[in-house]
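Observations on the three-dimensional arrangement
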Amino acid sequence: MSNINLFAPFQLGDYTLLNRIVMAPMTRLRALDNIPNSLMATYYAQRASAGLIITECTMVSPLSLGYLNCPGIYTEEQITGWRLVTDAVHAAGGRIFIQLWHCGRVSHPSLLGGELPVAPSAIAGIGSLHSSIGKVSLETPRALKTEEIPGIIAEFGQAAKNALEAGFDGIELHGAFGYLIDQFLQDGSNQRTDKYGGSIANRSRFLLEVVTAVTNIWGKNRVGIKLSPSNTFYGMQDSNPQATFSYVINELNSFNLAYLHLMEPNEVDLATREVMQNLTPYYRQIFKGTLITNGGHDRNTGNQILNNNDADLVSFGRLFISNPDLPQRLEIEAPLNTIDPQTMYATDSQGYTDYPKL
């Protein structure tokens, strides 16, 4: 047992983080026309006392979209919009990584100008989305041709270059929650017979090639990745998740990444089927770098995990929505603002930048 807690500084690559509290990526849908704006800059700057902020998921291309009013980073306008955000966070003394993301099959033709979503295999996800024509069910996607895949990897690479231009401190790849990287990884969504399907090594290939493309631009210790071995969102499943994720996490050791961001199962996952639990201590034995854990933590459970040396950093999601000064509140054990679920995905400042600080 160590005597490390949430409020101790941490050296993340070249960056000295003020504390071990990470603001987790959270979709908030305030990027009208998919362009980051000054309202978003205010929101992130309000939360700059986090040791590290990771932005909401950000599209690498027009066809990577899965939700209305999600930001992208593939046009000059979007880069300029994100620059407002990074400048505001840095002026407030914070550090910010951008989360890069491709939805894959978790989309709909009404969001993609009539085109079918793409995926490793023509297998529909389970669930629905809000689109310009109302609520729609996920449709069967188009399976990517082998020769198309390098083009998508290149989109991640270009997005990484654009993130550098936009002033970010680093990148997190979204390899979780049933989106494209995860769809390639798990055999419930990947039934390909080419070099990107079949064996665990082949199913991991897309993820590792994306990591390679992005680390080639950013250097190694400024790129992180988020994985969710027990997630059941959108019908995700794997016949042997323990073996699949053990393989890929071991492979990631060779990249000297900034971190691995690991999502514990939530109530929905646990209610859906038998899933692996206590992922953080298990994969701590395999991953050799910095580990961030996420799983509905509070001050006590966060401190306990750090004290047990099961993780190095703890990410908080919902608590950061309603508490812009969350690190200070946790440190002095002040009462927390309660979240208003009705305004989580509104389009204005209500329920976004109007939660009070102490």
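The shown structure was predicted, so the numbers you read here are calculated from the model rather than taken from an experiment.

Cut-offs and rules
Counting restarts for each chain, with residues numbered from 1 along the sequence as it is written. Residue-level local features of this predicted model are given only where pLDDT is at least 70; pairs of side-chain atoms are given and counted only at 80 or more, and the full residue set underlies all totals for whole chains, interfaces and linings. The side-chain figures draw on all heavy atoms in the structure; neither hydrogens nor water molecules are used. Each helix is a run of DSSP H or I of at least 4 residues and each strand a run of E of at least 2, with the numbering of both proceeding from the N terminus. With the radius of gyration taken over C-alpha atoms, the globule rule is written as 2.2 Å times the number of residues to the power 0.38. Exposure categories follow from relative accessible area, calculated using a 1.4 Å probe and restricted to protein chains: below 20% of the type maximum is buried, above 50% is exposed, and the middle band is partly exposed. In this count, Lys and Arg are taken as positive residues and Asp and Glu as negative ones, while His and the chain termini are left out. Throughout, a charge is located at the NZ atom of Lys, the CZ atom of Arg, the CG atom of Asp or the CD atom of Glu. Convention adopted: a line fitted to C-alpha atoms gives each axis, helices being fitted over their contacting stretch, and angles between N-to-C directions are expressed from 0 to 180 degrees. Each angle gets one of four labels, with under 35 degrees taken as roughly parallel, over 145 as roughly antiparallel, 65 to 115 as roughly perpendicular, and the rest as oblique. Each helix crossing is assigned a hand: it is left-handed if the near helix lies turned anticlockwise from the far helix by less than a right angle, otherwise right-handed if that turn is clockwise. We call two residues in contact whenever any of their non-hydrogen atoms come within 4.5 Å of each other. Residue polarity follows a fixed list, in which Ala, Val, Leu, Ile, Met, Phe, Trp, Tyr, Cys and Pro are nonpolar, Asp, Glu, Lys and Arg are charged, and the others, Gly among them, are polar. For this analysis, a salt bridge means a side-chain nitrogen from Lys or Arg found within 4 Å of a carboxyl oxygen belonging to Asp or Glu. Stacked, tilted and edge-to-face pairs are distinguished by plane angle, under 30 degrees for stacked and over 60 for edge-to-face with tilted covering the rest, among Phe, Tyr and Trp rings (Trp via its six-membered ring) whose centres lie within 6.5 Å.

Of the regular secondary structure elements, the protein holds eleven helices and 14 strands. Taking 21 Å as the expected radius of gyration for a compact globule of 358 residues, we find that the protein reaches 19 Å, a close match to that expectation. Reported as C-alpha extents along the three principal axes, the dimensions of the protein are approximately 55 × 45 × 40 Å. Classification of the 358 residues of the protein by burial places 58% in the buried group. Across the protein, the mean location of the 25 positive side-chain charges is 3 Å away from that of the 33 negative side-chain charges.

Moving on, we get to the packing of helix H1 (residues 38-46) against helix H2 (residues 76-91). Running from N to C, H1 and H2 cross one another at 25 degrees; their axes reach a closest spacing of 8 Å. Viewed along their axes, H1 and H2 adopt a mutual orientation that is roughly parallel. Two packed elements cross with a definite hand, and for H1 against H2 that hand is right-handed. Here Ser 38, Met 40, Ala 41, Tyr 44 and Ala 45 of H1 come into contact with H2, specifically with Trp 82, Leu 84, Val 85, Ala 88 and Val 89. Within the contact of H1 with H2, the residues separate by chemical class into nine nonpolar, one polar and no charged.

Next up on the list: the pattern of salt bridges. All chains considered together, the criterion is met by eight salt bridges. A salt bridge links Asp 194 to Arg 192, with the nearest nitrogen and oxygen atoms 2.8 Å apart. No difference in accessibility class separates Asp 194 from Arg 192, as the two residues are buried. Across the salt bridge formed by Arg 299 and Glu 333, the nearest N and O atoms sit 3.7 Å from each other. Here Arg 299, found in helix H9 (residues 299-307), pairs with Glu 333, found in the segment after helix H11 (326-332); they are 34 residues apart in sequence, far enough to count as distant.

Attention shifts here to the packing of aromatic side chains. In this structure the tally under the stated criterion is 15 aromatic pairs. Ring centres of Tyr 67 and Tyr 179 lie 6.5 Å apart, and the angle between their planes is 80 degrees; this geometry places the pair in the edge-to-face category. Remark: Tyr 179 occurs in the loop between strand S10 (170-174) and helix H4 (180-185) and Tyr 67 occurs in the loop between strand S4 (52-59) and H2; sequence separation between them is 112 residues. Ring geometry for Phe 184 and Phe 206: centres 4.3 Å apart, planes at 20 degrees, overall stacked. Here Phe 184, found in helix H4, pairs with Phe 206, found in helix H5 (residues 200-218); they are 22 residues apart in sequence, far enough to count as distant. Across the pair, Phe 206 and Phe 184 agree in class, each one buried. Each residue in the set Tyr 67, Trp 101, Phe 177, Tyr 179, Phe 233 and Tyr 234 is aromatic and connected to the rest through ring pairs, giving one cluster.

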